Amino acid sequence: MITVEKVSKVFKTKAGLVNGVENVSLSINKGEIYGIVGYSGAGKSTLLRCMNILERPTTGKVWIDGVDLLGLSSKELRGARQSIGMIFQGFYLVSSKTVFENVAFALKAAGVPKSKRKNRVLELLELVGLREKANDYPVQLSGGQKQRVSIARALANNPKVLLCDEATSALDPGTTKSILKLLKKINQELGITIVIITHEMEVVKEICNRCAVMQDGRVIEEGSTYEIFANPTEPLTKAFIQTVLSFELPAKLLDNCTGTLMRLQFRGDIAGEAVVSDMLQSFPVRGNILHGKVEYIGETPLGIFIMEMTGERTAIDKAVAYLKERVNQLEVIQHA
Ligand SMILES: Nc1ncnc2c1ncn2[C@@H]1O[C@H](COP(=O)(O)OP(=O)(O)OP(=O)(O)O)[C@@H](O)[C@H]1O
Ligand SMILES: [Mg+2]
């Protein structure tokens, strides 16, 4: 649905040239929810703006739904943009217009006759759960409600793609969840392909099928969200994953720990308990699970356990080697 090929964006500033995006190629499938994560300045917004040519790439190509966007005249591009909705962290609602008028304005701008606007606006407000707020002004709305209005506005002209630039970054965790739920509904019910930029891995974990990690204008790692969580390779990706998957062991517990401490990770398709009990039957060691949790990456579970193992060092080494063969990941945190 979206193909970005070798896109670079160089900004000319007084201080010299700045690389916003460097040689990025990505392919986003129809119906997918795709995440782009990275720290501030990584080039996420620039890349997103290159996808609808709000920013003209310095080099490279962009196709949306088979259309080569850089090959279009400005008039054709304005038309093509109607199939690409966009929402932002800051909502950008017109404060002097009501909720209804904010949404209706997008239809007016696209040349939809007045007689057809009303029903469409009400339908959109129904979709985002704000039917009863139609006559309110933005100032009367919460952040989550404002984002719902901006989503309704972005969907007004039936886009095929919705680009979201930090759409939940200004919202509290509960409101973030409800907006993500709405985006998922829009994706599933309307079949809209969604690209989400975020610096929160939690957002990616919650709804993205695939994701890319950006650093210094480049995509440094890319893949299915589950693979990225289960097997991150780049240090930055690991740091992002840690924000979701790590847990602190209480200091008291660590102080009292006399054995070898390890962190085991099980993929959804491995029964963790059975592997541990097989290991305990095969080797003269004792294993004590100190901590554990299962994270759902989308629909798929990823289990993480902290285990303390005691016994002879040689037996422990053999047991660890055995486990390494059977679990997704094993990291010895500290030896006895
Ligand atoms: N219009 C511009 N003129 C000059 N430099 C720019 C411009 N827009 C972006 N940049 C630079 O390009 C780089 C990438 O910026 P971008 O806004 O895409 O990052 P980002 O990942 O979206 O960051 P954030 O998380 O803070 O929004 C930065 O170094 C930024 O300073
Ligand atoms: Mg940005």
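Residues numbered from 1 in each chain as written. Chains lettered and ligands numbered in written order. Predicted model: local features only at pLDDT ≥ 70, side-chain atom pairs only at ≥ 80, totals over all residues. Heavy atoms only, no water.

## Side note on the environment of Glu206
Link 1 in the chain: Note on placement: Glu206 falls in helix 7 (residues 201–207).
Link 2 in the chain: For Glu206 and Thr225, which are 19 residues apart along the polypeptide, the C-alpha to C-alpha distance reads 9.6 Å.
Link 3 in the chain: Apart from residues no more than four positions distant in its own chain, Glu206 is found in contact with Lys177, Leu180 and Lys184. (Helix = DSSP H or I, 4+ residues; strand = E, 2+ residues; numbered from the N terminus. Contact = heavy atoms within 4.5 Å.)

## Focus on the domain arrangement of the protein
Link 1 in the chain: For the protein, the assigned domains are domain 1 (2–243) and domain 2 (251–334).
Link 2 in the chain: Each of domain 1 and domain 2 has a C-alpha centre, and the two are 40 Å apart.
Link 3 in the chain: Tallying the contact residues gives 10 residues for domain 1 and 15 residues for domain 2.
Link 4 in the chain: Both faces considered, domain 1 and domain 2 share a buried interface measuring about 860 Å² in area, 45% of it formed by carbon and sulfur atoms.
Link 5 in the chain: Interface area lost by domain 1 to domain 2 is led by Lys205, Tyr226 and Ala230, which between them contribute 64%.
Link 6 in the chain: A salt bridge links Glu227 to Arg267, with the shortest nitrogen-to-oxygen separation between them at 3.0 Å. (Domains from an automatic or database assignment. Buried area = accessible area lost by both parts, 1.4 Å probe. Salt bridge = Lys/Arg side-chain N within 4 Å of Asp/Glu carboxyl O.)

## Some points on the sheet that holds strand 1 (residues 2–13)
What links the strands of a sheet is backbone hydrogen bonding, and the strands pair in either a parallel or an antiparallel sense.
Link 1 in the chain: Taken together, 4 strands build an open sheet; the order of strands is 2-1-4-5 and the sheet is antiparallel. Edge strands, defined here as strands with exactly one partner in the open sheet, are strand 2 (16–28) and strand 5 (67–68). (Pairing = 2+ DSSP bridges.)

## Concerning the site of ligand 1
Link 1 in the chain: The local shell around ligand 1 holds 13 residues, among which Ser40, Gly41, Lys44, Ser45 and Thr46 are the closest.
Link 2 in the chain: Residue Gly41 places a main-chain N or O atom 2.8 Å away from an oxygen atom belonging to ligand 1.
Link 3 in the chain: Interatomic distance of 3.1 Å between a backbone N/O atom of Ala42 and an oxygen atom of ligand 1.
Link 4 in the chain: Computed on the free molecule, ligand 1 has an accessible area of 630 Å², of which 61% lies beneath the protein chains in the complex.
Link 5 in the chain: When contributions to the shell around ligand 1 are tallied by element, the ones reaching two or more residues are strand 1, strand 2 and helix 1 (44–51).
Link 6 in the chain: Per-element tally for the shell around ligand 1: the top contributor is helix 1, with 3 residues.
Link 7 in the chain: Residues belonging to the shell around ligand 1 are distributed by class as follows: 4 nonpolar, 7 polar and 2 charged. (Near = heavy atom within 4 Å. Polar contact = N/O pair within 3.5 Å; in protein donor to acceptor, adjacent residues only side chain to side chain. Areas by Shrake-Rupley, 256 points an atom, 1.4 Å probe, with all protein chains shown as cover. Nonpolar A, V, L, I, M, F, W, Y, C, P; charged D, E, K, R; others polar.)

## Things to note about the pattern of salt bridges
Link 1 in the chain: Under the criterion given, the structure shown has 17 salt bridges.
Link 2 in the chain: Notably, a salt bridge pairs Glu299 with Lys184, separated by 4.0 Å at the nearest N-O pair. Taken as a pair, Glu299 in the loop between strand 12 (285–297) and strand 13 (300–311) and Lys184 in helix 6 (residues 173–190) lie far apart in primary sequence, 115 residues in all.
Link 3 in the chain: Glu299 gets classed as exposed once you look at its relative accessible area, which sits at 67%.
Link 4 in the chain: The class for Lys184 is partly exposed, based on a relative accessible area of 24%. (Buried < 20%, exposed > 50% of the residue type's maximum accessible area, 1.4 Å probe, protein only.)

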